[in-house]
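# Understanding the architecture of this molecule
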Amino acid sequence: MVFHIGDEYLFSHYFDRQDIFTALQEYYNDENYRFEVPENDFESVQQRLEDAYYELTVVNELEHYCVVIDKYDEHAEILRESVATWERRGQRFFLMKNQLAVKEAIERGADRLTETEFVLGL
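Everything numeric in this text was worked out from a predicted model, so none of it was measured. (Residues numbered from 1 in each chain as written. Predicted model: local features only at pLDDT ≥ 70, side-chain atom pairs only at ≥ 80, totals over all residues. Heavy atoms only, no water.)

## Some words on the pairing of strand E1 (residues 2-5)
The criterion, for reference: Any two strands with at least two DSSP-identified bridges between them are counted as paired. Comment: elements are numbered from the N terminus, with helices defined as DSSP H or I runs of at least four residues and strands as E runs of at least two.
Of the strand pairs in this sheet, E1 and strand E5 (residues 58-59) are connected by two bridges, and their pairing is parallel. The residue bridging Val2 from the neighbouring strand is Val58, located in E5. Bridge count for E1 against strand E2 (residues 8-11) is three bridges, and the pairing is antiparallel. Residue pairing for E2: Ile5 is matched across the bridge by Glu8. Turn length for the E1-E2 hairpin, with the two strands adjacent in sequence and antiparallel, is two residues, and the turn residue Gly6 shows positive phi of about 60°.

## As for the pattern of salt bridges
Our working definition: For this document, the term salt bridge refers to a Lys or Arg side-chain nitrogen within 4 Å of an Asp or Glu carboxyl oxygen. The buried label goes to any residue with under 20% of its type's maximum accessible area, the exposed label to any with over 50%, and the partly exposed label to all in between, with areas taken from a 1.4 Å probe on protein chains only.
What the rule picks out here adds up to seven salt bridges. When the shortest N-O distance is used, the salt bridge between Arg17 and Asp19 registers 2.8 Å. Notably, a salt bridge pairs Glu87 with Arg92, separated by 3.0 Å at the nearest N-O pair. The buried category is assigned to Arg92, whose relative accessible area is 14%.

Dropping the structure here:
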């Protein structure tokens, strides 16, 4: 999954081929463990990945990939599978990298954003 947020495309993926990672390294944010591709570069990155048999699915409706937990709840395992995280009103929000990660976060005590009173508000 690739998430279109503002003027960037964000995704988290481990590439087992070093040549692909090297080609995309300029977009990798090592503090957040994710790729951040500006809109102007996305088409060429997408083509490069498709040429290497990686298919990107762009997500514009982020709410279905977001979960929420209390700010002080244990969250290390949820964080590991997220693309982005932020805090607001005593809650910690996570944008998860795929639906399996959403399911696992719920099993660890998170709530789907869509099933809470909260809105996305990235």
